[in-house]
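# Coordinate analysis (summary)
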Amino acid sequence: MRSRRSWSKVTEAAPTHAELLELVAAAGRVADHSSLRPWRLIELRGSDRETLGRAIAKAEGEKGVSSKPQRAPLLIAVVASYRKSGKVPRWEQEAVASGVAHALSLLLDEAGWGVLWRTGHYTRSKAVAKAHGLGADEELLGWLYVGGKPSGRPGRRKPVDAARHLSRMPGAHGSAAAKQGKKSKKSKKSKKK
């Protein structure tokens with residue numbers, strides 16, 4: 001995970017359907033309240049990408065075929081497939097579908113594939129939903145673009161400043177993080193003066 005990055009350019013190599021099934025089985029192990037499995041994935045290869053290209057062009061009010069789906073040999077559409085539940089709200093079901101997509105992207109990366117999660121306003125368009133055969137209780141969350149990692153040096157990604165994103169509950173008494181946060185705010189105010 002520390003070395004994961006998005007690959008905007010990939011080669012024409014791609015995992016087989018059988019390889020993909022194995023990775024999807026592992027990705028499906030994400031936390032899932034009530035085991036609703038409110039997600040599904042759609043594998044797009046070959047001419048499927050042209051069909052999607054036509055739908056994207058239509059969604060953008062253009063004629064012809066968008067070249068966007070041709071940027072990778074394999075696209076995996078990530079679909080939130082909502083289930084009726086009195087306990088699990090819609091947002092939580094979408095989080096599960098997103099979790100599956102992220103886990104799958106990590107597994108694909110670990111297996112040596114280049115992956116990029118693409119989204120866009122057209123993910124919510126009727127033309128694109130129809131091309132994917134989405135039901136009334138389904139939403140497209142985007143696509144994982146998958147292909148071979150090009151040779152050469154991969155791009156660099158800035159490290160995450162974990163201290164900036166991890167804190168304690170407000171009012172946590174005696175915590176070093178809370179005290180540090182107060183000191184930091186005071187020092188910022190004194191610098192402004």
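Structure's up top.
This text gives an overview of the structure that appears in the document. Quantities reported herein were computed from a predicted structural model and do not represent experimental measurements.

### As for the packing of helix H1 (residues 17–27) against helix H3 (residues 90–110)
Relative to each other, H1 and H3 sit at 130°, their axes nearing to 9 Å. In terms of orientation, H1 lies oblique with respect to H3. Where H1 crosses over H3, the handedness of that crossing is right-handed. Together, Leu-20, Leu-23, Val-24, Ala-26 and Ala-27 of H1 and Val-100, Ala-103, Leu-104, Leu-107 and Leu-108 of H3 make up the contact between the two elements. When its residues are assigned to classes, the contact of H1 with H3 shows ten nonpolar, no polar and no charged.

### Observations regarding the environment of Lys-126
Here Lys-126 shows up in helix H4 (residues 126–132). Owing to a relative accessible area of 76%, Lys-126 belongs among the exposed residues under this scheme. C-alpha separation for the pair Lys-126 and Lys-58, spaced 68 residues apart in sequence, amounts to 9.5 Å.

### With respect to the pattern of salt bridges
Within the structure shown, the criterion is met by seven salt bridges. Arg-40 is the partner of Glu-138 in a salt bridge, and the nearest nitrogen-oxygen pair spans 2.7 Å. Residue Glu-138 is located in strand E4 (residues 138–148), and its partner Arg-40 is located in strand E1 (residues 39–45); the two are separated by 98 residues in the primary sequence. Look at Glu-138 and you get buried, because its relative accessible area is 15%. Of the residues examined, Arg-40 reaches a relative accessible area of 29% and is grouped as partly exposed. In this structure, Arg-90 and Glu-139 form a salt bridge, with 3.8 Å as the shortest nitrogen-oxygen distance. Linking Arg-90 in helix H3 with Glu-139 in strand E4, this pair joins segments that are 49 residues apart in sequence. Classification of Arg-90 by relative accessible area gives partly exposed; the value is 44%. Several salt bridges converge on common partners, so that one network encompasses Arg-90, Arg-124 and Glu-139.

Scoring rules and cut-offs
Residues numbered from 1 in each chain as written. Predicted model: local features only at pLDDT ≥ 70, side-chain atom pairs only at ≥ 80, totals over all residues. Heavy atoms only, no water. Axes fitted to C-alpha atoms, helices over the stretch in contact; angles between N-to-C directions. Helix = DSSP H or I, 4+ residues; strand = E, 2+ residues; numbered from the N terminus. Parallel < 35°, antiparallel > 145°, perpendicular 65-115°, else oblique. Left-handed = near helix turned anticlockwise from the far one by under 90°. Contact = heavy atoms within 4.5 Å. Nonpolar A, V, L, I, M, F, W, Y, C, P; charged D, E, K, R; others polar. Buried < 20%, exposed > 50% of the residue type's maximum accessible area, 1.4 Å probe, protein only. Salt bridge = Lys/Arg side-chain N within 4 Å of Asp/Glu carboxyl O.

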